[in-house]
Amino acid sequence: MSWGFLRDLLSGVNKYSTGIGRIWVAVVFVFRLLIYIVAAENIWKYEHDEFECNIKQPGCENVCFDHFFPVSHISLWALQLIMVSTPSLLVVFHVAYRENREKHHNQKLYKSAGEIDGGLLCTYLISLILKTGFEIVFLYLFYKLYNGFKVPRLVKCDIRPCPNTVDCYISKPTEKMIFLYFLVATSCLCIALNLSELSYLIFKYSIKCYLKRYVKKHQGSKSDCHKPEIIGHNRPAAAGRFHNSSLSLPLNIQDKCGKKAPC
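A brief report on the enclosed structure follows.

Reading guide: rules and limits
Residues numbered from 1 in each chain as written. Predicted model: local features only at pLDDT ≥ 70, side-chain atom pairs only at ≥ 80, totals over all residues. Heavy atoms only, no water. Helix = DSSP H or I, 4+ residues; strand = E, 2+ residues; numbered from the N terminus. Buried < 20%, exposed > 50% of the residue type's maximum accessible area, 1.4 Å probe, protein only. Contact = heavy atoms within 4.5 Å. Areas by Shrake-Rupley, 256 points an atom, 1.4 Å probe, with all protein chains shown as cover. Disulfide = S-S within 2.5 Å. Salt bridge = Lys/Arg side-chain N within 4 Å of Asp/Glu carboxyl O. Expected span 1.5 Å × (residues − 1).

**Overview of the overall build of the protein chain**
- From N to C terminus, the protein chain includes seven helices and three strands.
- Starting at the N terminus, the α and β elements of the protein chain follow one another as α-α-β-α-α-α-α-β-β-α.
- Taken across its 263 residues, the protein chain has 34% of its residues classed as buried.
- For the protein chain, restricting intrachain contacts to residue pairs at least 6 apart in sequence, the fraction spanning at least 24 positions comes to 75%.
- Within the structure as shown, the protein chain displays about 16,600 Å² of accessible surface, and the carbon and sulfur contribution to it stands at 63%.

Here it is, written out as structure tokens:
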């Protein structure tokens, strides 16, 4: 199986991630994808051929293997890697949408197309929630399908067409169990990183919004304080006009009185 597309996806997402997000990309790429390709895939490669039962009844081994391993560990691991990485496409698509929108309008609409703010922030938060949800769901599936995270050496099977209860042996149980524990540990680490990044972004932008509102409110209160001063400056001018008119009134009266009769 070629994993080049997943590598390209993770390297593309790395450009638009926060510091915690870049750590998550490194963990997924190094401790999950490379471990899967280099080691785990070879361990489970011939698991069906190496599954042996102490009876040669035709079909018995196949039925027992299907009962105890309805989905192969390695197949479920690969599906988990794909599903966990897919939500990051939402961020890449949103950034591409911003870039195309700027090209269409021939002008700068954003400070930076990859800056996490506004709609891109919502998309990024949704991708984190989806990644965390997929991690938890797949851990639950691993636990439920295989009755825990242990790989037994021996399983007993009494499903038809087996004539009676037969003993079946699993190949490399210790090695498989070590890799399963490693898978669980890296999944839990990724969940912790996702939750940390989610909390960090929510806290950061909550503080940012609060500071914006505080500054806006403070500026509004300052403008309200300046209004009475402006009115106060206008009052002397009005008073001056009234004073001048009051001074000119007696002069007019004196002129009239001088012409007609003594006042």
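Now that the structure has been shown, we can carry on.
**Focus: the state of the cysteines**
- Counted under the stated rule, the structure contains three disulfides.
- Each sulfur of the disulfide joining C60 and C162 lies 1.8 Å from the other. Disulfide C60-C162: the torsion about the S-S bond is 100 degrees, which places it as right-handed. Here C60 is found in helix α3 (residues 60–68), whereas its partner C162 is found in the loop between β2 (154–157) and β3 (166–169), with 102 residues between them in sequence.
- C190 supplies the cysteine sulfur nearest to C188, a cysteine that is in no disulfide, at a spacing of 9.4 Å.
- Its relative accessible area of 41% is what places C188 among the partly exposed residues.
- Residue C190 is classed as buried on the basis of its relative accessible area of 0%.

**What to know about the pattern of salt bridges**
- In this structure the tally under the stated criterion is two salt bridges.
- Taking the shortest distance from any N to any O, the salt bridge between R32 and E135 comes out at 2.6 Å. Here E135 lies in helix α6 (residues 118–145) and R32 lies in helix α2 (residues 19–43), a separation of 103 residues in the sequence.
- The salt bridge partner of K156 is D167, with a shortest N-O separation of 2.7 Å. Remark: D167 occurs in strand β3 and K156 occurs in strand β2; sequence separation between them is 11 residues.
- For K156, a relative accessible area of 53% translates into the label exposed.
- Given a relative accessible area of 18%, D167 falls into the buried group.

**Quick word on α6**
- Taking 1.5 Å of rise per residue, the 28 residues of α6 would be expected to cover 40 Å, and the 41 Å separating its terminal C-alpha atoms lies within 8% of that figure.
- Directly beyond the C-terminal end of α6, a positive phi value near 55 degrees is found at N147.

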